[in-house]
Amino acid sequence: LIGLTFLTRYSSLPIFFLYWIFVLSYAFFNERKKFKKYLYYAFVLHAIALIFFIAVILLLGGTPRLIYTIQNFLFVIQQQSTELVNPFYYHIAVLFDGISPFLYVLLPFALIYLLLHKKRTRADMMLSFLVVAFFIIVTIQARRFSRHQLVIYPILIILLSRFITEFSSNHLRNKQAIAFSCVIILGTLSWTIFSIYQTRDFNVWSEVGDYIEKNYDSSVKVHSGYIRNRQIKTHLSRPVDIFQNISQLNKHDLVVFAFLHENTTILENSPFEDKSALFKNEFAAKRNKGMEFNPDYYRYVLEHGFI
């Protein structure tokens, strides 16, 4: 399971790191006789996971793929140290959109209750530690987006569910507990339906596709090599070049460079990548007002395509 998780996304690493920090620390202070056994388990499990991880990569792509994966892993670590203009609380604000306000408001009460109530268990302490420690790590790192906290969501929901169950059974009568649970469930469901209703008809790629169809005739070839931009091909009637190498361009070809999501627009993998970051939040907007016109960047766009 650990090996499969590593293959899926590197951001799962902090969860396993924090889990074993908690298990070993708890055992050292409260279950000293089990400390060596848990330490042995941690070593063996991660050794097996590493072997499985390497074996799958070698099987699917050979040594070149393994070298690429190691390089990519180191690059991701370095990339996370690259400072962005988002405020330190950005990912916490995004969390409000990610889960229902009913659960969002309950979160601090859940953490306090699970840590301080008399019948708290090892599981209560572990869930609270994982959530708090993970959010601290995300907050102090230079890059913080909603995607960085996705791996904590299942644990967060378990923590909230445990709090609702424990609080209802220990402090509320049957009818009160049922009413409390119904308010949480119906409120969360209503917020989910409302959020889906707000965005159900919006698709940035359909808007881009409509714009291209209206403003460029069918003879104009569209290139969309970056993987995040390939969705545009489903919104165009003409063929779209989705290969990553877009060096063979004609003079009037249209190139979709942008990420085209809510927070940022970036010309990716070009000599002018650092000059072309256009963030939509107010902090970045202030910075971008002072950006100077770059003639090299302008010439590059004219020679290789149009944004």
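Our subject is the structure listed above.
Residues numbered from 1 in each chain as written. Predicted model: local features only at pLDDT ≥ 70, side-chain atom pairs only at ≥ 80, totals over all residues. Heavy atoms only, no water.

1. Description of the pattern of salt bridges
- Considering all chains together, one arrives at two salt bridges under this definition.
- With a closest N to O distance of 2.2 Å, Asp-124 and Arg-162 form a salt bridge. One end of the pair, Asp-124, is in helix H6 (residues 122–140); the other, Arg-162, is in helix H7 (residues 153–171), and 38 residues separate them in sequence.
- Using a relative accessible area of 26% as the deciding quantity, one classes Arg-162 as partly exposed.
- The partner of Arg-238 in a salt bridge is Glu-213, and the shortest N-O contact between them spans 3.3 Å. Residue Arg-238 is found in the loop between strand E1 (222–223) and strand E2 (240–241), and its partner Glu-213 is found in helix H9 (residues 204–215); the two are separated by 25 residues along the sequence.
- Judged by relative accessible area, Arg-238 falls into the buried class, the value being 9%.
- According to the relative accessible area criterion, Glu-213 is partly exposed, its value standing at 29%. (Salt bridge = Lys/Arg side-chain N within 4 Å of Asp/Glu carboxyl O. Helix = DSSP H or I, 4+ residues; strand = E, 2+ residues; numbered from the N terminus. Buried < 20%, exposed > 50% of the residue type's maximum accessible area, 1.4 Å probe, protein only.)

2. With respect to the environment of Leu-189
- Looking at the secondary structure, you find Leu-189 in helix H8 (residues 174–199).
- Once the C-alpha coordinates of Leu-189 and Ser-100 are considered, the two residues, 89 residues apart in sequence, prove to be 8.3 Å apart.

3. Brief notes about a nonpolar patch on the surface
- A grouping of Leu-4, Leu-7 and Phe-52 is seen on the molecular surface, where their side chains present a nonpolar patch of about 250 Å² in accessible area.
- Relative to the elements of secondary structure, Phe-52 occurs in helix H3 (residues 35–79).
- Using a relative accessible area of 37% as the deciding quantity, one classes Phe-52 as partly exposed. (Patch = residues over 30% accessible without salt bridge, like charges linked within 9 Å, V, L, I, M, F, W, Y side chains within 5 Å. Areas by Shrake-Rupley, 256 points an atom, 1.4 Å probe, with all protein chains shown as cover.)

4. A few points about the environment of Glu-207
- Within the secondary structure, Glu-207 sits in helix H9.
- In this structure, the C-alpha to C-alpha distance between Glu-207 and Ile-232, residues 25 residues apart in sequence, is 9.5 Å.

5. Digging into the packing of helix H2 (residues 13–30) against H3
- Here H2 crosses H3 at 165°, and the two axes come no closer than 10 Å. When the axes of H2 and H3 are compared, the pair comes out roughly antiparallel. Pair H2 / H3 crosses with left-handed handedness. Residues Leu-13, Phe-16, Trp-20, Val-23, Leu-24, Ala-27 and Phe-28 of H2 touch H3, and the partners they reach there are Phe-35, Tyr-38, Leu-39, Tyr-41, Ala-42, Leu-45, His-46 and Phe-73.
- Tallied by class, residues from the contact of H2 with H3 come to 14 nonpolar, one polar and no charged. (Axes fitted to C-alpha atoms, helices over the stretch in contact; angles between N-to-C directions. Parallel < 35°, antiparallel > 145°, perpendicular 65-115°, else oblique. Left-handed = near helix turned anticlockwise from the far one by under 90°. Contact = heavy atoms within 4.5 Å. Nonpolar A, V, L, I, M, F, W, Y, C, P; charged D, E, K, R; others polar.)

6. A word on H2
- In this model H2 runs 26 Å from its N-terminal to its C-terminal C-alpha over 18 residues, within 8% of the 26 Å that 1.5 Å per residue would give.
- The complete set of buried residues in H2 reads Ile-15, Phe-16, Leu-18, Trp-20, Phe-22, Val-23, Leu-24, Tyr-26 and Ala-27.
- On its buried face, H2 sits against helix H1 (2–8), H3, H6 and H7. (Expected span 1.5 Å × (residues − 1).)

7. Describing the nonpolar core
- Judged by nonpolar contacts, the single largest core of 36 residues is most densely connected at Val-131, Ile-152, Ile-155, Leu-156, Leu-159, Leu-160 and Phe-163.
- Beyond its immediate chain neighbours, meaning those up to four positions away, Leu-160 contacts Leu-103, Leu-106, Leu-107 and Ala-110.
- Within the second largest apolar cluster, ten residues are counted, among which are Val-208, Val-220, Ile-232 and Leu-236. (Core = buried A, V, L, I, M, F, W, Y, C linked by side-chain atoms within 4.5 Å.)

8. Description of the packing of aromatic side chains
- Here the structure, examined in full by the defined rule, presents 13 aromatic pairs.
- A centroid spacing of 5.2 Å and a plane angle of 90° characterise the contact between Phe-28 and Phe-29, whose relative ring orientation is edge-to-face.
- Judged by relative accessible area, which is 65%, Phe-29 ranks as exposed.
- Ring geometry for Trp-191 against Phe-194: centres 5.8 Å apart, planes inclined by 45°, an arrangement best described as tilted. You can see Trp-191 and its partner Phe-194 sitting in helix H8, three residues apart, about one turn around the helix. (Phe/Tyr/Trp six-rings, centres within 6.5 Å; stacked < 30°, edge-to-face > 60°.)

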